[in-house]
Amino acid sequence: MIRRIIWTLGTLVILLGLNLALPRILNPYLFQIVILCGINVILAVSLNLINGFTGQFSIGHAGFMAIGAYGSAMLSLHAGIGWVAALTAAGVPPGVAEGAALFAALLAGGLLSALAGYLVGLPSLRLRGDYLAIVTLGFGEIIRVLILNIDAVGAARGLPGIPGWVSFFWVGLGGTGVVVLALNLARSSHGRALFAIRDDEIAAESLGVNTTAYKVLAFVIGAFFAGVAGGLFAHYLSYLNPNSFTFIKSIEVIAMVVLGGMGSVSGSVLAAILLTLLPEVLRPVKDYRMVIYSLMLIVLMITRPQGLLGSREIRLGSWVGKLRVARGAG
Amino acid sequence: MLLQVERLDVYYGAVHALKGVTLCAEAGEIVTLIGANGAGKTTLLRTISGVIPSRSGRVTFEGRDITRLPAHDIVGLGISQAPEGRLVFANLTVEDNLELGAYRRKDRPGISKDREEVFRLFPRLRERRRQSAGTLSGGEQQMLAIGRALMSRPRLLLLDEPSLGLAPLLVREIFRTVREINQRGVTVLLVEQNAHMALSIAGRGYVLETGHVRLEDRAERLLQNDEVRRAYLGG
Ligand SMILES: Nc1ncnc2c1ncn2[C@@H]1O[C@H](COP(=O)(O)OP(=O)(O)OP(=O)(O)O)[C@@H](O)[C@H]1O
Ligand SMILES: [Mg+2]
């Protein structure tokens, strides 16, 4: 218990420290890449809960992200900005007021998306494999087309003027949150049940695992964090456009999960960062950028079909152990 | 009566897989179910354990109607199944597979004790406890499937072709273990192609033919039955 409090406080201090330091060390371009890395980490780890942990196949993650992005943005535009004004007038420091409003917006976006995840998760009880993939693909596209046609959220013009309350701290907090949750889940008996469903659903059911409940649960948690990622995205860029949420975005996130290794949390983190950096690193080659990007993906998948880490995790403890052994030997 | 199956009808779409099957098992028995490929043996076990729904008929366990209960609730009542083709969780370790067998239980000390018991029945599993189940040999996977089914402390154990694809020596070992499990008070419903072995450890047997019960008798009498000898005992 005490250890947990120390860990939590330590993480918060590190995040706050980075929050102060990063914008000063990095130029705005690099800083934006760091933020995008963080958002993609949240997306990849949350999709891993659905695709990697339970072995379902969702290609609708951009849809969940869009719901969280637009939902949280609408809340901030219609209520959050007013709350911040009222709180600052009452003497609350602006940073605190904005933080509270952002937290509420992210939570609302996440919950809205989780609700959508529940509704999409329900058919997953009956559908599997390719069929579920098509349903989720359809879901993602429906969300995008809906946004394109609803004038109140800006339709094709996009949604401007969203308050830019997101700093590194919030992205870091979201990322740490989903990673800690996923790692703890993987080690718990619930995680074992999820992996069992992935390996053999009928066998899992016949051992007493409520497979339907778990599959929907995976969808709900995955969708929640995709919604949070969407909310962070909205409140970082201050502007939303439906084109950010095409199924290409979903495919990008799937690539991160597959490349990292299905079921490996640290793999997802690594791959999300790698695949966010890669297109930026390749900028100098201009027109050939996406060709090289795709080629690198193909080569990686041929050489490591199980993903970078397979289903393993990087363990800090084991590294420390190895370092000690190496020193002892030397 | 521990288990009673009455006039069970099961369909896969248009395929009528079980046609009015009636069968029972008393507490403490080993009952075997023999029959050719496609006779409906696996279907029957899966219907009892709730994985496949029936169209009509009734399954009662300890006097309670379980026909419409979902599979995960049936396990809690004391029925567990070692599925055909040793469906172990290939990417999980031997230990994790056993833990999943005890999934519905909360009594930690009891679970550890039962795991030790499984390791005593199948010492090879202990040596491989941290190995992922997919890397076990076929026979070891079969042991794991049975051990996993025992982890829920069933009163009725459904075994689907435990000897499938095993070397003769291992078949004998598995059957000896099945009898040992039975002697500790677990009722066993044993589906087998290896009719000779099955009938030699069972008290009673049923012969299933294209979805209905063709014969039902004491095991030693089925062993003598001409029809059974011709069709299932090779002579
Ligand atoms: N999922 C399914 N869909 C359609 N038909 C099925 C399905 N599963 C089984 N069947 C059919 O139902 C019948 C009974 O199958 P079942 O698996 O119960 O046979 P079995 O007695 O266990 O055979 P085996 O000894 O080969 O395991 C067969 O004709 C089979 O083709
Ligand atoms: Mg069968």
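What you see is a predicted model; the values in this text were computed from it and never measured. Position numbers for residues start from 1 in each chain and track the written sequence from start to end. Just so you know, chain letters begin at A and ligand numbers begin at 1, following the order they were written in. For this predicted model, a pLDDT threshold of at least 70 governs which residues receive local features, and a threshold of 80 or more governs which side-chain atom pairs are given and counted, while totals over whole chains, interfaces and linings are taken from all residues.

This part covers the overall build of chain A. Numbering of helices and strands runs from the N terminus; a helix is a DSSP stretch of H or I covering at least four residues, while a strand is a stretch of E covering at least two. The number of helices and strands found in chain A is 13 helices and 0 strands. In chain A, the succession of α and β elements from N to C terminus is α-α-α-α-α-α-α-α-α-α-α-α-α. Each principal axis of the C-alpha distribution contributes one length, and for chain A these read about 60 × 55 × 50 Å. Three classes are used. A residue is buried when 20 or more other C-beta atoms lie within 10 Å of its own, exposed when 12 or fewer do, and partly exposed in between, with C-beta atoms placed from the backbone. Put simply, chain A has 330 residues, and 45% of those count as buried.

Moving on to the site of ligand 1. Residue and element names in this part refer to chain B. The environment of ligand 1 is formed by 13 residues, the closest being Tyr12, Asn37, Lys41, Thr42 and Thr43. Of all the elements in the fold, those that place two or more residues in the shell around ligand 1 are strand E2 (15–25) and helix H1 (41–48). Counting residues per element, the shell around ligand 1 draws most heavily on H1, at 3 residues. The rule is simple: place the C-beta atom from the backbone, and if it lies within 6 Å of a molecule or strand, the residue is near it.

Once C-beta atoms have been placed from the backbone, residue pairs whose C-beta atoms lie within 7 Å are recorded as contacts. With 20 residues of chain B at the contact, the number on the chain A side is 16 residues. Of all elements in the fold, only helix H2 (71–77) and helix H3 (94–101) of chain B reach the threshold of two or more residues within the side of chain B that touches chain A. Of the residues belonging to the side of chain B that touches chain A, the class tally is 10 nonpolar, 7 polar and 3 charged. For this classification, the nonpolar set comprises Ala, Val, Leu, Ile, Met, Phe, Trp, Tyr, Cys and Pro, the charged set comprises Asp, Glu, Lys and Arg, and every other residue, Gly included, is treated as polar.

A few words on the environment of Trp170 of chain A. Residues and elements named next belong to chain A. On the secondary structure map, Trp170 appears in helix H6 (residues 168–187). We classify Trp170 as buried; it has 23 C-beta atoms within 10 Å. Along the sequence, Trp170 and Leu259 sit 89 residues apart, while their C-alpha atoms lie 26 Å from each other. What Trp170 contacts, discounting residues up to four positions off in sequence, is Leu102 and Leu232.

Right, let's talk about the confidence of the model for chain B for a bit. Residues and elements named next belong to chain B. Residue-level confidence of the predictor is summarised by pLDDT, bounded by 0 at the bottom and 100 at the top. Looking at chain B, pLDDT values average 92 and 100% of them are 70 or higher. Per-element confidence in chain B is highest for strand E8 (residues 187–192), whose mean pLDDT is 96, and lowest for helix H10 (residues 226–232), whose mean pLDDT is 86. What the predictor reports for the complex is a pTM of 0.85 with an ipTM of 0.81.

Attention now moves to helix H3 (residues 61–89) of chain A. Residue and element names in this part refer to chain A. Between the first and last C-alpha of H3 there are 39 Å, a value that for 29 residues agrees with the 42 Å anticipated at 1.5 Å per step. Of all the bends in H3, the greatest, near 50°, is centred on Ser76. Note on H3: the residue one or two positions beyond its end, Gly91, has a positive phi of about 100°. Multiplying 1.5 Å by the residue count of a helix minus one yields the expected span of that helix. For a residue, the bend is simply the angle between two axes, fitted respectively to the seven-residue segment ending there and the seven-residue segment starting there.

Further remarks concern unusual backbone geometry. Look at Ser238 of chain A: it is not a glycine, yet its phi comes out positive at around 70°. When you line up the elements, Ser238 of chain A lands in the loop between helix H9 (211–237) and helix H10 (247–260). Ser238 of chain A sits in the partly exposed class, given 15 other C-beta atoms within 10 Å. Located in the positive-phi region is Glu161 of chain B, a residue other than glycine, with phi close to 50°.

Take helix H12 (residues 289–303) of chain A next. If you check H12 of chain A, its first and last C-alpha atoms are 21 Å apart, about what 15 residues at 1.5 Å a residue would give, namely 21 Å. Of all 15 residues that make up H12 of chain A, 0 are buried, and the element is exposed over most of its length.

Two pairing modes exist for strands in a sheet, parallel and antiparallel, and in both the strands are linked by backbone hydrogen bonds. Residues and elements named next belong to chain B. Two strands form a pair only when DSSP identifies at least two bridges running between them. Here we have 4 strands laid out as an open sheet, ordered E2-E1-E4-E5, and antiparallel in their pairing. The sheet is open, and its two borders are formed by E2 and strand E5 (64–65), each paired with just one other strand. Pairing of strand E4 (residues 56–61) with E5 involves 2 bridges; the strand directions are antiparallel. Residue pairing across strands places Thr60 opposite Asp65, the latter belonging to E5.

Here the focus is the pairing of strand E6 (residues 79–82) of chain B. Moving residue by residue along a regular strand, the side chains alternate between the two faces of the sheet. Residues and elements named next belong to chain B. Burial of the side chains of E6 extends over both faces: Ile79 and Gln81 are buried on one face and Ser80 and Ala82 on the other. Taken together, the 4 bridges between E6 and strand E7 (residues 156–160) define a ladder with parallel strand orientation. Bridging from a neighbouring strand, Gln81 pairs with Leu158 of E7.

All names here are of chain B. Take Ile79: it is sitting in strand E6. As a C-alpha pair, Ile79 and Arg155 span 76 residues in sequence and 6.2 Å in three-dimensional space. When residues no more than four places from it in sequence are discounted, the contact partners of Ile79 are Ile48, Ser49, Phe61, Ile74, Pro154, Leu156 and Leu158.

Counting 158 residues, the largest nonpolar core has Ala44, Tyr70, Ala229 and Leu232 of chain A together with Leu190 of chain B as its most contacted members. Counting residues per element, this core draws most heavily on H9 of chain A, which supplies 16 residues. Sequence-distant contacts of Ala44 of chain A, defined by excluding residues within four places in its chain, comprise Val253, Met256, Val257, Gly260, Ser268, Ala271 and Ala272 of chain A. Connectivity within a nonpolar core runs through C-beta atoms within 7 Å, and the core itself is a set of buried Ala, Val, Leu, Ile, Met, Phe, Trp, Tyr and Cys residues.

Here Asp200 of chain A shows up in the loop between helix H7 (189–199) and helix H8 (201–206). Judged by the 19 C-beta atoms lying within 10 Å of it, Asp200 of chain A falls in the partly exposed class. Taking the C-alpha atoms as reference, Asp200 of chain A lies 9.6 Å from Gly55 of chain A; in sequence the two are 145 residues apart. If we ignore the near neighbours within four places in the chain, the residues touching Asp200 of chain A are Leu87 and Phe89 of chain B.

All names here are of chain B. With mixed pairing, the 6 strands of this open sheet are ordered in space as E6-E7-E8-E3-E9-E10. A single partner strand is all that each edge strand has here, and the edge strands are E6 and strand E10 (212–218). Within the sheet, the average angular offset between the axes of one strand and its neighbour, ignoring direction, is 15°. Bridge count between E7 and E8: 5 bridges; the pairing is parallel. Considered in E8, the bridge of Leu158 is made with Leu189. Relative to E6, helix H6 (residues 138–150) is tilted by about 170°, and along the sheet it contacts E6 and E7. Helix axes use the C-alpha atoms of the stretch in contact, all axes being lines fitted to C-alpha atoms, and the angles between their N-to-C directions lie in the range 0 to 180 degrees.

Residue and element names in this part refer to chain B. Of the pairings in the sheet, the one linking strand E1 (residues 3–12) to E2 comprises 8 bridges and is antiparallel in character. Considered in E2, the bridge of Tyr12 is made with Val15. Here E1 hands over to E2 after 2 residues, with Gly13 in that stretch at a positive phi of 60°.

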